[in-house]
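Chain residues, written in single-letter form:
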Amino acid sequence: MLMTDFLQYIGAITGMIGALLMALNIPASRFAYVAYMASNMAWLGYGYFAVVPGLVMMQSVFFVTTLIGLWRWFSCARSEVAS
């Protein structure tokens, strides 16, 4: 199996796990962002090694939005615990 094949499967599987966790809307749903981050990183790697600049650009933006989601979700959870 090539590195690019491995990255595609990891990106797809972790993206699907993230989507499922988010759709379930359960306490563990906040970990969807961790799965999305793994997916973003795998797709970034794939785009880099396969020389697909559009994919790299898109996943770079998605990576930033995932970081924002992680920060907001965990900061809201922390403020709920404090109150």
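Quick note: structure is the one above.
Parameters at a glance
Residues numbered from 1 in each chain as written. Predicted model: local features only at pLDDT ≥ 70, side-chain atom pairs only at ≥ 80, totals over all residues. Heavy atoms only, no water. Phe/Tyr/Trp six-rings, centres within 6.5 Å; stacked < 30°, edge-to-face > 60°. Helix = DSSP H or I, 4+ residues; strand = E, 2+ residues; numbered from the N terminus. Buried < 20%, exposed > 50% of the residue type's maximum accessible area, 1.4 Å probe, protein only. Contact = heavy atoms within 4.5 Å. Expected span 1.5 Å × (residues − 1). Arc of directions from axis to C-beta. Patch = residues over 30% accessible without salt bridge, like charges linked within 9 Å, V, L, I, M, F, W, Y side chains within 5 Å. Areas by Shrake-Rupley, 256 points an atom, 1.4 Å probe, with all protein chains shown as cover. Salt bridge = Lys/Arg side-chain N within 4 Å of Asp/Glu carboxyl O. Core = buried A, V, L, I, M, F, W, Y, C linked by side-chain atoms within 4.5 Å.

Colleague: Please explain the packing of aromatic side chains as it appears in this structure.
Modeller: Under the counting rule described, the total for this entry stands at four aromatic pairs. Between Tyr33 and Tyr36 the ring centres are 6.2 Å apart and the planes differ by 75 degrees, which places this aromatic pair in the edge-to-face class. Remark: Tyr36 and Tyr33 occur in helix H2 (residues 32-49); sequence separation between them is three residues, near one turn of the helix. Residue Tyr33 is classed as buried on the basis of its relative accessible area of 18%.

Colleague: Teacher, can you tell me more about the side chain of Asn40 here?
Modeller: Relative to the assigned elements, Asn40 resides in helix H2. The exposure class assigned to Asn40 is buried, which follows from its relative accessible area of 5%. Here Asn40 is in contact with Gln59, Phe62, Phe63 and Thr66, once residues within four sequence places are set aside.

Colleague: What is the right way to look at helix H1 (residues 3-24) in this model?
Modeller: Residues spaced three or four apart along an α-helix point in a common direction, a consequence of the helix completing one turn every 3.6 residues. Here H1 is 22 residues long and its end C-alpha atoms lie 32 Å apart, about the 32 Å a rise of 1.5 Å per residue gives. For H1, the complete set of buried residues consists of Thr4, Leu7, Gly11, Thr14, Gly15, Gly18 and Leu21. Projected down its long axis, H1 shows its buried positions confined to an angular sector of 130 degrees, all on one face. Facing away from the buried side of H1, by more than 90 degrees, are the exposed residues Tyr9, Met16, Leu20 and Ala23. Where H1 terminates, the next one or two residues include Asn25, which has phi positive at roughly 50 degrees.

Colleague: For this particular structure, what's the right way to read a nonpolar patch on the surface?
Modeller: Residues Met1, Met3, Phe6, Tyr9, Ile10, Ile13, Met16, Ile17, Tyr48 and Phe49 make up a contiguous nonpolar surface patch of roughly 1200 Å² in combined accessible area. Sorting elements by how many residues they give to the nonpolar patch places H1 first, with seven residues. The residue Phe49 is located in helix H2 in this model.

Colleague: Help me out: how do you make sense of the environment of Ser60 in this one?
Modeller: Following the sequence through the fold, Ser60 ends up in helix H3 (residues 53-82). For the pair Ser60 and Tyr33, spaced 27 residues apart in the sequence, the C-alpha separation amounts to 15 Å.

Colleague: Would you mind showing me how to read the nonpolar core here?
Modeller: Across soluble globular proteins, nonpolar side chains have a tendency to be buried as a group. One finds Leu7, Ala42, Trp43, Tyr46 and Leu55 forming the largest nonpolar core, which totals five residues. Broken down by element, this core gets its largest block of residues, three residues, from H2. Residues within four places of Tyr46 in sequence aside, it is in contact with Thr4, Leu7, Gln8, Val51, Val52 and Leu55.

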